[in-house]
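A look at the structure
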Amino acid sequence: MRRQQDKGKATDCPYCQGKGYFQLLLGGSETCDSCSGSGAKA
Ligand SMILES: [Zn+2]
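Summarised in this report is the structure supplied together with it. (Residues numbered from 1 in each chain as written. Predicted model: local features only at pLDDT ≥ 70, side-chain atom pairs only at ≥ 80, totals over all residues.)

This next bit is on the overall build of the protein. A count of helices and strands for the protein gives zero helices and two strands. Within the protein, buried positions represent 17% of all 42 residues. Considering only contacts within the protein whose residues lie at least 6 apart along the sequence, 18% involve residues at least 24 apart. (Helix = DSSP H or I, 4+ residues; strand = E, 2+ residues; numbered from the N terminus. Buried ≥ 20, exposed ≤ 12 C-beta atoms within 10 Å, placed from the backbone. Contact = placed C-beta atoms within 7 Å.)

Encoded structure:
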């Protein structure tokens, strides 16, 4: 966890909840394809 963000913001990417990446179960993270890591809704 890097930072907490409020969920449900209209400008947040719905796939990664505005984080810009997905947390992987095995560790590390993967950049969100939908927002290209920006965390913003397209
Ligand atoms: Zn995203």
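Phi angles above zero are rare outside glycine, and Gln-17 is one such case at about 60°. By secondary structure assignment, the location of Gln-17 is in the segment before β1 (21-23). For Gln-17, a count of 16 C-beta atoms within 10 Å puts it in the partly exposed group. In this structure, Ser-36 takes a positive phi of about 55° despite not being glycine. Locating Ser-36 in the fold gives a position in the segment after β2 (29-31).

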